[in-house]
Amino acid sequence: MSNELAFEERDVAHDAEFPEAIEALRTRRSGHNFDPDADLSDETLEELIRDAALAPSSYNLQPWEFVVVQDDDRLDEIVDIAYGQEHIREAGTAILVAGHTDAKTADRVFDEWAEAGRMDEEAAQQTKAQSVEMYEDDRTGRDYAIRNASLAAENLLLSAHARGLAATPMIGFDQERIAEFLDLPDDEIPVVLIAVGPSGGEESERLPRRSVEEILHRETY
Ligand SMILES: Cc1cc2nc3c(=O)[nH]c(=O)nc-3n(C[C@H](O)[C@H](O)[C@H](O)COP(=O)(O)O)c2cc1C
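Read on for a plain summary of the structure.

The rules behind these values
Residues numbered from 1 in each chain as written. Predicted model: local features only at pLDDT ≥ 70, side-chain atom pairs only at ≥ 80, totals over all residues. Heavy atoms only, no water. Helix = DSSP H or I, 4+ residues; strand = E, 2+ residues; numbered from the N terminus. Buried < 20%, exposed > 50% of the residue type's maximum accessible area, 1.4 Å probe, protein only. Contact = heavy atoms within 4.5 Å. Areas by Shrake-Rupley, 256 points an atom, 1.4 Å probe, with all protein chains shown as cover. Lys, Arg positive; Asp, Glu negative; His and termini not counted. Charge placed at Lys NZ, Arg CZ, Asp CG, Glu CD. Near = heavy atom within 4 Å. Polar contact = N/O pair within 3.5 Å; in protein donor to acceptor, adjacent residues only side chain to side chain. Nonpolar A, V, L, I, M, F, W, Y, C, P; charged D, E, K, R; others polar. Salt bridge = Lys/Arg side-chain N within 4 Å of Asp/Glu carboxyl O. Pairing = 2+ DSSP bridges. Axes fitted to C-alpha atoms, helices over the stretch in contact; angles between N-to-C directions. Core = buried A, V, L, I, M, F, W, Y, C linked by side-chain atoms within 4.5 Å. Phe/Tyr/Trp six-rings, centres within 6.5 Å; stacked < 30°, edge-to-face > 60°.

### What to know about the overall build of the protein chain
Each helix and strand in the protein chain was counted, giving nine helices and four strands. Secondary structure elements in the protein chain, listed N-terminal to C-terminal, are α-α-β-α-α-β-α-α-α-β-α-β-α. Each of the three principal axes of the protein chain carries a C-alpha extent, and together these read 55 × 50 × 35 Å. Buried residues in the protein chain amount to 37% of all 221 residues. Residue pairs in contact within the protein chain that sit at least 24 positions apart in sequence constitute 80% of those at least 6 positions apart. For the protein chain, the exposed surface amounts to about 13500 Å²; the carbon and sulfur share of it is 47%. Positive and negative charge centroids in the protein chain, built from 20 and 52 side chains respectively, lie 5 Å apart.

What follows is the structure, given as structure tokens:
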């Protein structure tokens, strides 16, 4: 028996306050069929980044950056860095989601916690010092970058899908080369590369998903 979810058969309106949101996440695909003759408008690009930035993050530190490449020659270089993934060129827009490996937004963000009355001044200063210290550890800093930036990437993918665009997340690229090519600061790492652009139409069938029974563990693994 196939464990593929029958998305179209589900009653998405049942028990859902935002049925369109449920529908969007159930129908999102990693699109590989782009319209090579259509471009993403600047306005849409900014909306995608705005939606990505609404993702949750540790202490609202928002430790992410988005580096967008649309120039044809530079896209050729990105295709090469991504081991020849031609769909990036057809998409017309490549967005590298980069993550901070240290809490460099902490000064501003913990001031905002205090100004909003969500923490008193002393607690804000203490929590800031703790988070800055915690992320100084190389392993924790790297985990921090990847966890937070991945959530922003998923927001961006869902926003693109909700706007009728095709988008694919990718980690099939040379990390060192892309960091160098895009001039990333030393305390940031490339997390996910996203090819996004107007859809060229149908996508291939979704591959099966592991069933809920298989992946849901109650109380303990
Ligand atoms: C971490 C990660 C890395 C991925 N890397 C690539 C990639 O390098 N190239 C690509 O074409 N797709 C890549 N994908 C897309 C997956 O192949 C895709 O998400 C998976 O097959 C499920 O299909 P769906 O997203 O359409 O449901 C990646 C996805 C994730 C989450």
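### Things to note about the site of the ligand
Not every one of the 13 residues close to the ligand is listed here, only the nearest: Arg29, Ser30, His32, Gln85 and Arg209. Contact between the ligand and histidine 32: an oxygen atom at 2.7 Å from a side-chain N or O atom of the residue. Residue isoleucine 171 places a main-chain N or O atom 3.1 Å away from a nitrogen atom belonging to the ligand. When the ligand sits alone it has 620 Å² of accessible area, and the protein chains cover 63% of it. Each residue belonging to the shell around the ligand can be placed in one class, and the counts come to three nonpolar, six polar and four charged.

### A short note on the pattern of salt bridges
Side chains that differ in sign of charge can pair as their charged atoms come close. For the structure shown, the criterion picks out 13 salt bridges. Of the charged contacts, one joins glutamate 47 and arginine 50 as a salt bridge, the two residues approaching to 2.5 Å between their closest N and O atoms. Separated by three residues within a single helix, glutamate 47 and arginine 50 lie in helix H2 (residues 42–52), roughly one turn from each other. Measuring nitrogen to oxygen at the nearest pair gives 2.7 Å for the salt bridge that ties arginine 163 to aspartate 51. Note that arginine 163 is positioned in the loop between helix H7 (138–162) and strand S3 (165–170) and aspartate 51 in helix H2, a separation of 112 residues in sequence. Several salt bridges converge on common partners, so that one network encompasses Glu47, Arg50, Asp51 and Arg163.

### A few points about the sheet that holds strand S4 (residues 188–198)
On the basis of which strands lie adjacent, the open sheet formed by four strands has the order S1-S2-S4-S3 and antiparallel pairing. Of all strands in the sheet, those bounded by a partner on one side alone are strand S1 (64–69) and S3. Going across the sheet, the axis of each strand differs from the next one's by a mean of 25°, ignoring polarity. Here eight bridges tie strand S2 (residues 93–100) to S4, and the two strands are oriented antiparallel to one another. By the bridge assignment, isoleucine 95 is partnered in S4 with isoleucine 194.

### A few points about the nonpolar core
One finds Leu48, Phe66, Ile95, Leu156, Ile194 and Val196 to be the most contacted residues of the largest nonpolar core, which totals 23 residues. If you list the elements that add at least two residues to this core, you get H2, S1, S2, H7, S3 and S4. Setting aside residues no more than four positions away along its own chain, leucine 156 makes contact with Leu48, Ile49, Ala52, Phe66, Ile95 and Ile194. Formed by 21 residues, the second largest nonpolar core is a distinct cluster that contains Ile81, Ala82, Leu96 and Leu182.

### Brief notes about the packing of aromatic side chains
Counted according to the given criterion, the structure contains two aromatic pairs. Aromatic side chains tyrosine 59 and phenylalanine 110 sit 5.4 Å apart centroid to centroid with 55° between the ring planes, which places their arrangement in the tilted category. Taken as a pair, tyrosine 59 in the loop between H2 and S1 and phenylalanine 110 in helix H5 (residues 106–115) lie far apart in primary sequence, 51 residues in all. Each ring, one from tyrosine 135 and one from tyrosine 144, has its centre 3.7 Å from the other, and the planes form 20°; the classification is stacked. For the pair formed by tyrosine 135 and tyrosine 144, the shared burial category is buried.

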